[in-house]
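Listed below, chain by chain, are the residues.
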Amino acid sequence: MALSVSNLASSLSSLSFSSQVSHGPNALSFPRANYLFSLPAKSPRRASLSITATVAAPAEVAEDDTMELKKYVKSRLPGGFAAQKIIGTGRRKCAIARVVLQEGTGKVIINYRDAKEYLQGNPLWLQYVKVPLVTLGYENSYDVFVKAHGGGLSGQAQAITLGVARALLKVSADHRSPLKKEGLLTRDARVVERKKVGLKKARKAPQFSKR
């Protein structure tokens, strides 16, 4: 036992340790016996982030659909809107709609777009468009082609109602009585009242204070 301890002590004394600091900018060198360990100094890590995203192009799809509908409308209306016989013009607020009726299955196309897409799926506005046809029972008998401009979607939808009703009068004069009974042939003349000088709006006045 004593022999093994003495052997161990002699072997340890024969080993020589030395430490040297290298003057390099990014490394610390610690030679231990016959081995050299190089440890990199602390340096800020630079993380590179690469993001790749694939964006769908709904605009291109919408353009393709519009082009197809344009071809369809031109094939159904040779000579354009003005050359058609069953046509009516409707107005509401600042909106104007030219409506053409053709025998069909009940399609409604507004400005070369499907009515549901153009009117943003609003059920009330879609109902406005079909009220005259439903009144006479023609909701599946005529296709409706519309060119509308001015105002908002609500005003345009109500202008289309008047345009469809007026176009149905050209189909038959007998349609006047049921349409008039429902008030579909009356032009709604209500518009926004103009702002007045000295007032905030048409009638709203600034707050009044005596002191």
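Residues numbered from 1 in each chain as written. Predicted model: local features only at pLDDT ≥ 70, side-chain atom pairs only at ≥ 80, totals over all residues. Heavy atoms only, no water.

**Examining a negative patch on the surface**
The cut-off we apply is this: Like charges are joined within 9 Å and nonpolar side chains (Val, Leu, Ile, Met, Phe, Trp, Tyr) within 5 Å, but only among residues with over 30% relative accessible area and no salt bridge; these make up the patches. Surface accessibility follows the Shrake-Rupley procedure with a 1.4 Å probe radius. Residue values consider only the protein chains on display as shielding. Here, a salt bridge means any side-chain nitrogen of Lys or Arg that lies within 4 Å of a carboxyl oxygen of Asp or Glu. Charged-residue counts in this description rest on Lys and Arg as positive and Asp and Glu as negative, His and the chain ends being excluded. Charged groups are reduced to one reference atom each: NZ for lysine, CZ for arginine, CG for aspartic acid, CD for glutamic acid. Secondary structure elements follow DSSP: runs of H or I no shorter than four residues count as helices, runs of E no shorter than two count as strands, and numbering proceeds from the N terminus. Exposed residues in this analysis have more than 50% of their type's maximum accessible area, buried residues have under 20%, and partly exposed residues fall in between, with area computed by a 1.4 Å probe over protein chains only.
Residues Glu-60, Glu-63, Asp-64, Asp-65 and Glu-68 make up a contiguous surface patch of negative charge. Its location among the elements puts Glu-63 in helix H2 (residues 58-76). Since its relative accessible area comes to 51%, Glu-63 is described here as exposed.

**Things to note about the pattern of salt bridges**
Inspection of every chain in the model, using the stated rule, returns six salt bridges. For Arg-92, the salt bridge is made with Asp-188, and the minimal N-O distance between the two is 3.4 Å. Of this pair, Arg-92 sits in strand S3 (residues 87-92) while Asp-188 sits in the segment after helix H6 (176-181); the two residues are 96 residues apart in sequence, bridging distant segments of the chain. Asp-188 sits in the partly exposed class, given a relative accessible area of 23%.

**Observations regarding the side chain of Asp-143**
Rules: Nitrogen and oxygen atoms within 3.5 Å of one another constitute a polar contact, given that in protein one can donate a hydrogen and the other can accept it, and given that sequence-neighbouring residues count only through two side-chain atoms. Any two residues whose heavy atoms approach within 4.5 Å are treated as being in contact.
Checked against the element boundaries, Asp-143 lands in strand S7 (residues 142-149). For Asp-143, a relative accessible area of 2% gives the class buried. Within polar-contact distance, the side chain of Asp-143 engages the side chain of Arg-76 at 2.9 Å. Ignoring sequence-local partners within four residues, the contact set of Asp-143 consists of Tyr-72, Arg-76, Val-100, Leu-101, Gln-102, Glu-103, Gly-104, Thr-105, Gly-106 and Lys-107.

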